[in-house]
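Chain by chain, the residues:
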Amino acid sequence: NAGVTQTPKFQVLKTGQSMTLQCAQDMNHNSMYWYRQDPGMGLRLIYYSASEGTTDKGEVPNGYNVSRLNKREFSLRLESAAPSQTSVYFCASSPRQGLNTEAFFGQGTRLTVV
Amino acid sequence: GESVGLHLPTLSVQEGDNSIINCAYSNSASDYFIWYKQESGKGPQFIIDIRSNMDKRQGQRVTVLLNKTVKHLSLQIAATQPGDSAVYFCAEIAGNTPLVFGKGTRLSVIA
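Summarised in this report is the structure supplied together with it. (Residues numbered from 1 in each chain as written. Chains lettered and ligands numbered in written order. Predicted model: local features only at pLDDT ≥ 70, side-chain atom pairs only at ≥ 80, totals over all residues. Heavy atoms only, no water.)

A count of helices and strands for chain A gives zero helices and eleven strands. Across chain A, helices and strands are ordered from the amino to the carboxyl terminus as β-β-β-β-β-β-β-β-β-β-β. Its C-alpha atoms give chain A principal-axis dimensions of roughly 40 × 25 × 25 Å. For chain A, restricting intrachain contacts to residue pairs at least 6 apart in sequence, the fraction spanning at least 24 positions comes to 55%. (Helix = DSSP H or I, 4+ residues; strand = E, 2+ residues; numbered from the N terminus. Contact = heavy atoms within 4.5 Å.)

Before going further, it helps to examine the pattern of salt bridges. All names here are of chain A. Going through the model one piece at a time under the given rule, you end up with seven salt bridges over all chains. Between R36 and D38 there is a salt bridge, with the nearest N and O atoms lying 3.1 Å from each other. Like R36, the residue D38 is buried in the burial classification. Within this structure, R36, D38 and R44 form a network of salt bridges that share partners. (Salt bridge = Lys/Arg side-chain N within 4 Å of Asp/Glu carboxyl O. Buried < 20%, exposed > 50% of the residue type's maximum accessible area, 1.4 Å probe, protein only.)

Tallying each qualifying case throughout the model produces two disulfides over all chains. Across the disulfide from A:C23 sits A:C91; the S-S distance is 1.9 Å. Residues A:C23 and A:C91 share a disulfide whose torsion about the S-S bond is about -75 degrees; that sign makes it left-handed. Of this pair, A:C23 sits in strand 3 (residues 19–25) while A:C91 sits in strand 9 (residues 87–94), and the two are 68 residues apart along the sequence. What makes A:C23 buried here is its relative accessible area of 3%. Paired through a disulfide, B:C23 and B:C90 show a sulfur-sulfur distance of 1.7 Å. Remark: B:C90 occurs in strand 8 (residues 86–93) and B:C23 occurs in strand 2 (residues 19–24); sequence separation between them is 67 residues. (Disulfide = S-S within 2.5 Å.)

Each partner contributes to the interface: chain A provides 24 residues, whereas chain B provides 26 residues. Of the roughly 2100 Å² buried between chain A and chain B on both sides combined, carbon and sulfur atoms contribute 58%. One can count zero salt bridges joining chain A with chain B. Summed over the shared surface of chain A and chain B, the number is four residue pairs in polar contact (both at pLDDT 80 or more). Among the elements of the structure, strand 4 (31–37), strand 5 (43–49) and strand 9 of chain A are those that each provide at least two residues to the side of chain A that touches chain B. In terms of residue class, the side of chain A that touches chain B is built from twelve nonpolar, ten polar and two charged. (Buried area = accessible area lost by both parts, 1.4 Å probe. Polar contact = N/O pair within 3.5 Å; in protein donor to acceptor, adjacent residues only side chain to side chain. Nonpolar A, V, L, I, M, F, W, Y, C, P; charged D, E, K, R; others polar.)

In structure tokens:
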């Protein structure tokens, strides 16, 4: 059972380059999320998709875009990478949003922007 | 490699002792809370949850206590083992909203 799969696991970008982080879940979950994790900052929500066809901004959406391609897949795009976007990115999914719905996390994508 | 645990509060305990990790939350409307464990190089993993209409919930070797009056959550780990070494996060949900995470605490178990 794969759960939540993120690709790539590691990436180095030059300032100004673009890239898309991929995320897929095989648990038939309705809700999906993108978080970033910086040292000493915990996990901060970038964007989320409560259900297929909807996306909403989280706490730190600037510089990012998302696409809920279908129920399984939720991608995060950096159009013009900046050093401030160096972070570990986690995708997560949950059966639905709200009460009694734990989120399941992928293994993370470690992104460095130089 | 990058350490997501830099600058986190650290709790060091002897193997076999009990550990208590604390978390203060800010949103009085939060009605569901989860503790996650994150090992180095991995994503967070669910440990235990509690709804706001409860004060205490027990799992295997873990207990979560909730004090809504002072907006405080704690995770107690009994007979701490080396495999418990990790960063622990509390997370909260208010209504139909996504999880909001606290900053985390690093637990270091001394053998």
